[in-house]
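Structure at a glance
In case you want the letters, here they are:
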Amino acid sequence: MAIPEIPKYKPYFFEVKKGKSYLWCSCGRSKKQPLCDGSHRDTEFMPVRYVAKSDEDVLFCGCKHTGSAPFCDGAHNNLLDEYPSDDPNSPENIAINNIVREVGKPTTLDGGCFVVNPSTMVAGEAGNFRHVEFLSQGTGAKYQSQNYAVVKDGSSPVISYGGSYVVGFILEGDGELHISGRKFNVQRRTGFVVHPNETFQFLQKGDVPLEMYLNVCPIESRPDFSSDMRDNFDSEFPQRIAVIDRENAESMADRFFQVLIDKRMGCRAATQFIGDIPESKAEPHRHLYEESIIIIQGRGTMWTDTVKTDVGAGDVIFLPQKQLHSLQSTDPDGMLVLGVIYPGDNPSINY
Ligand code: FES
């Protein structure tokens, strides 16, 4: 089988127009990348036609090894031995201003990106469910709100987030999660998903409080604690718990990630994944998706166009769509992060 040339180890960002036809170059020889200029003549490659269904932003494959032509599927990452990195001590990076964090307050970077440690913020209380909503439309999100919550000494109230999915992660503690009448055991570093219109409740066990993050998507500002436990569990998707399993991690050059929650659990609104970042600074890049990144372990620096700030375990980074950024791990043991993205289900795609 012929091997295409590789004009770029990243996708091409393109604003396509509804009804317009695009001929994507599959051979890699075109001088008008990512589109065909006829250079495939005398090869076995043919261009791929794409007719845009709406005005939208797309990422056309640049490495020509995608399995989802004409779009990027992240295949370029595995054509490289190392994830593209950046020198934090280059003259341009040395000139970037460091913002000193303030306890209990978000630190704002460029383009609506911010870093916050929600465990230091003032919490609301509903019985023994202490919760802080730190991401919402009011703080610049379009697709997902996010809460930090703690449950201790027994059962939480019954909770509902209306017609939204709740994509959660237990940071610390052990207990049970009841979803519309079904019982699941949860423990430290467990992901879970609650489907729209289901109700849920936590039972904390042992000495350590249940500490968690709840992403609510589509965006919903407030939990409702008034409901009784419903009997409407979506039994088409009985699997709701995801655990970290290094055997099932996918490689991304010299990095690894594992998708915990996605459409395989019936979640059509967001994708939750866990990833390891070795001591390094990623090359600055952008995503088409909105993302929240929770630092589970390790420390580092979050960089945007003109500023940077220190980050560490317990911090959450909010990244609006298309914002240029770079997350640096300064920890010799690396950094463990949890990401929740929407729209899209592939955290290995950036441009
Ligand atoms: S020039 Fe590459 S497919 Fe036509």
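Just so you know, these numbers come straight off a predicted model, no measurement behind them. (Residues numbered from 1 in each chain as written. Predicted model: local features only at pLDDT ≥ 70, side-chain atom pairs only at ≥ 80, totals over all residues. Heavy atoms only, no water.)

1. Concerning the overall build of the protein
Along the protein, the regular secondary structure elements total one helix and 28 strands. Taken against the 2.2 N^0.38 rule, which gives 20 Å for 351 residues, the C-alpha radius of gyration of the protein at 22 Å falls within 12% of a compact globule. The dimensions of the protein, computed from C-alpha atoms along their principal axes, are 70 × 50 × 40 Å. Here the protein holds 351 residues, and the buried ones make up 52% of them. Carbon together with sulfur atoms contributes 47% to the accessible area of the protein, which is approximately 16,000 Å² in total. Between the averaged position of the 35 positive side-chain charges in the protein and that of its 47 negative side-chain charges there is a distance of 6 Å. (Helix = DSSP H or I, 4+ residues; strand = E, 2+ residues; numbered from the N terminus. Rg over C-alpha atoms; globule rule 2.2 N^0.38 Å. Buried < 20%, exposed > 50% of the residue type's maximum accessible area, 1.4 Å probe, protein only. Areas by Shrake-Rupley, 256 points an atom, 1.4 Å probe, with all protein chains shown as cover. Lys, Arg positive; Asp, Glu negative; His and termini not counted. Charge placed at Lys NZ, Arg CZ, Asp CG, Glu CD.)

2. Notes on the side chain of S348
Positionally, S348 belongs in the segment after strand 28 (335-342). Among the residues examined, S348 registers a relative accessible area of 6% and is labelled buried. One polar contact links S348 to N346, side chain to side chain, over a distance of 2.6 Å. S348 has contacts with D73, G74, H76, N77, M252 and F257, leaving out every residue within four places of it along the chain. (Polar contact = N/O pair within 3.5 Å; in protein donor to acceptor, adjacent residues only side chain to side chain. Contact = heavy atoms within 4.5 Å.)

3. Re the sheet that holds strand 24 (residues 299-303)
With mixed pairing, five strands are arranged side by side in an open sheet as 5-25-24-27-22. The sheet is open, and its two edges are formed by strand 5 (97-98) and strand 22 (280-281), each paired on a single side. Sheet topology places strand 5 next to strand 25 (residues 307-312); two bridges connect them, and they run parallel. By the bridge assignment for strand 25, N98 is matched with K308. (Pairing = 2+ DSSP bridges.)

4. Details of the domain arrangement of the protein
As assigned here, the protein comprises domain 1 (1-79), domain 2 (92-103 + 244-342) and domain 3 (117-243). On a C-alpha basis, the centroid separation for the pair domain 1 and domain 2 is 27 Å. Contacts between domain 1 and domain 2 engage seven residues on the former and seven residues on the latter. Scanning the region where domain 1 abuts domain 2 turns up two salt bridges. (Domains from an automatic or database assignment. Salt bridge = Lys/Arg side-chain N within 4 Å of Asp/Glu carboxyl O.)

5. Describing the pattern of salt bridges
Under the defined criterion, the tally for this structure stands at 16 salt bridges. In this structure, E283 and K10 form a salt bridge, with 3.7 Å as the shortest nitrogen-oxygen distance. Placement of the pair is E283 in the loop between strand 22 and strand 23 (290-297) and K10 in the segment before strand 1 (12-16), with a sequence separation of 273 residues. Linking R130 and E125 is a salt bridge whose minimum nitrogen-to-oxygen distance equals 3.6 Å. With a relative accessible area of 58%, E125 lands in the exposed category.

6. Thoughts on the pairing of strand 9 (residues 129-135)
Within strand 9, five of the seven residues are buried, which leaves the element mostly enclosed by the surrounding structure. Taking the residues between adjacent antiparallel strands as the criterion, strand 8 (residues 124-126) and strand 9 are bridged by two residues, where G127 takes a positive phi near 60°.

7. Digging into a nonpolar patch on the surface
On the surface, I6, Y9 and L79 cluster together into a nonpolar patch covering about 220 Å² of accessible area. Within the element layout of this structure, L79 appears in the loop between strand 4 (56-60) and helix 1 (91-94). Classification of L79 as partly exposed rests on a relative accessible area of 33%. (Patch = residues over 30% accessible without salt bridge, like charges linked within 9 Å, V, L, I, M, F, W, Y side chains within 5 Å.)

8. Quick look at the state of the cysteines
Cysteine pairs can be linked by a disulfide, which is a covalent bond between their two sulfur atoms. If you walk through the whole model with that rule in mind, you get zero disulfides. No disulfide involves C267; its nearest neighbouring cysteine sulfur is the one of C217, lying 7.2 Å away. (Disulfide = S-S within 2.5 Å.)

9. A few points about the packing of aromatic side chains
The full count for this structure, using the stated rule, is 15 aromatic pairs. A centroid spacing of 5.1 Å and a plane angle of 10° characterise the contact between F13 and Y351, whose relative ring orientation is stacked. Here F13 is found in strand 1, whereas its partner Y351 is found in the segment after strand 28, with 338 residues between them in sequence. When the centroid spacing of 5.9 Å and the interplanar angle of 85° are considered together, the rings of F14 and Y22 count as edge-to-face. Owing to a relative accessible area of 5%, Y22 belongs among the buried residues under this scheme. Here the aromatic residues F14, Y22, Y50, F60 and F71 are joined through ring pairs into a cluster of three or more. For the cation-ring pair, K281 lies above W303, with the distance from its terminal atom to the ring centre recorded as 4.6 Å. (Phe/Tyr/Trp six-rings, centres within 6.5 Å; stacked < 30°, edge-to-face > 60°. Lys NZ or Arg CZ within 6 Å of the ring centre and 35° of its normal.)

10. What to know about unusual backbone geometry
Residue P70 is bonded to the preceding A69 through a cis peptide linkage, with omega at 10°. Here P70 is to be found in the loop between strand 4 and helix 1. Put simply, C217 and P218 share a cis peptide bond, and its omega is -5°. In this structure, P218 sits in the loop between strand 17 (210-217) and strand 18 (241-243). Within the chain, S180 stands out as a residue other than glycine whose phi angle is a positive 40°. If you trace the backbone, S180 turns up in the loop between strand 13 (174-179) and strand 14 (182-186). What makes S180 buried here is its relative accessible area of 2%. Even without glycine at this site, K322 takes up a positive phi of about 70°. For K322, the position within the fold is in the loop between strand 26 (316-319) and strand 27 (326-329).

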